[in-house]
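Reading the structure
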Amino acid sequence: MKRGEVARGTKTALVTGASEGIGRCYADRLCALGYNLVIVSVHQEGIERAAEELRAKYPDAAVRAVAMDLARTEAAYELYELVKNEGYEIDVLINNAGIFSFLDILKTPAERITRLLLLHDMTLTLNCRLFAEDMARRGGGYILNMSSFSIWMPFPGLSLYSASKAYVKSFSVAFAKEVREHNIRCTCICPAGIATNLYGLTPYWQRLGMRIGALMSPDECAKRGLRAMWRGRRKCVPDWWNKLFIPLCLMIPYPIMKLLRRKTERFQK
């Protein structure tokens, strides 16, 4: 059997942000490995379409689509109660849902700050707390949290996004050490640029980015994230060459940072 593969329908995975992009690829790969799915997104049409496509591709898989806004204080509790009330036991949890923000804090609407922090940090943490307790009682499970390479890039305009993802990395690594004795493996993946709609790139720029190697495909990111999770790694930075840039990102002098700010400020929104 492939790493992570199970007998069809014997285990269930929950994937947030699964209507498109990396989350959709996580769902597809987990379904191919034999898992039933609970997939969640704020976009009702998108998540229902994803569920239909997965059912058509894997006729013997059970796929439950949930349309829910996870950027709310009570979202994690509502999702957990829905899953429990419908009789699902989550063996794999993928906290993938995210919002991108490239804008100076003084220009960022307060509502966006609240929603982003709730989604990336509060809901993710509570999902881990609620579902991991059940995993521990049943003897183990897997959790994968989406961080970002931007945690090493505290550039102007990225202060909110990169800080929220830095929390994900710090929390996940420490949490992984806490739950290992319960046979739970928690991993965070810190990808750089991915060819998805998250950054607002047009399909042309996404294809060009992949062609020149500046962007990774969503499916490749999902493959590497799952591989790191099955192996029990606490942190994963896809592509070895990205790791080489971490010290450089942290040592960029102020004059260069100021130049980058002038060149990129027009892209803030």
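Just so we're clear, the structure is a prediction, and the values are computed from it rather than from any experiment.

The residue serine 41 is located in strand 2 (residues 36-41) in this model. For the pair formed by serine 41 and glycine 17, sequence separation is 24 residues and the distance between their alpha carbons is 4.8 Å. What serine 41 contacts, discounting residues up to four positions off in sequence, is Ala18, Ser19, Ile47, Val66, Ala67 and Met68. One polar contact links serine 41 to serine 19, side chain to side chain, over a distance of 3.2 Å. In terms of polar contacts, serine 41 uses its side chain to reach the backbone amide nitrogen of histidine 43, at 3.1 Å.

On to the sheet that holds strand 2, then. Spatial strand order, 3-2-1-4-5-6-7: seven strands in an open sheet with parallel pairing. Each of the sheet's edge strands pairs with one partner strand only, and the pair in question is strand 3 (63-67) and strand 7 (235-236). Looking at chain direction, strand 1 (residues 12-16) and strand 4 (residues 90-95) are connected through four bridges and run parallel. In the strand pairing of strand 4, leucine 14 is matched with leucine 93. Here helix 1 (residues 21-32) sits on the sheet and contacts strand 1, strand 2, strand 3, strand 4, strand 5 (141-146) and strand 6 (184-189); the angle it forms with strand 1, its principal contact strand, is near 170 degrees.

About the criteria used
Residues numbered from 1 in each chain as written. Predicted model: local features only at pLDDT ≥ 70, side-chain atom pairs only at ≥ 80, totals over all residues. Heavy atoms only, no water. Helix = DSSP H or I, 4+ residues; strand = E, 2+ residues; numbered from the N terminus. Contact = heavy atoms within 4.5 Å. Polar contact = N/O pair within 3.5 Å; in protein donor to acceptor, adjacent residues only side chain to side chain. Pairing = 2+ DSSP bridges. Axes fitted to C-alpha atoms, helices over the stretch in contact; angles between N-to-C directions.

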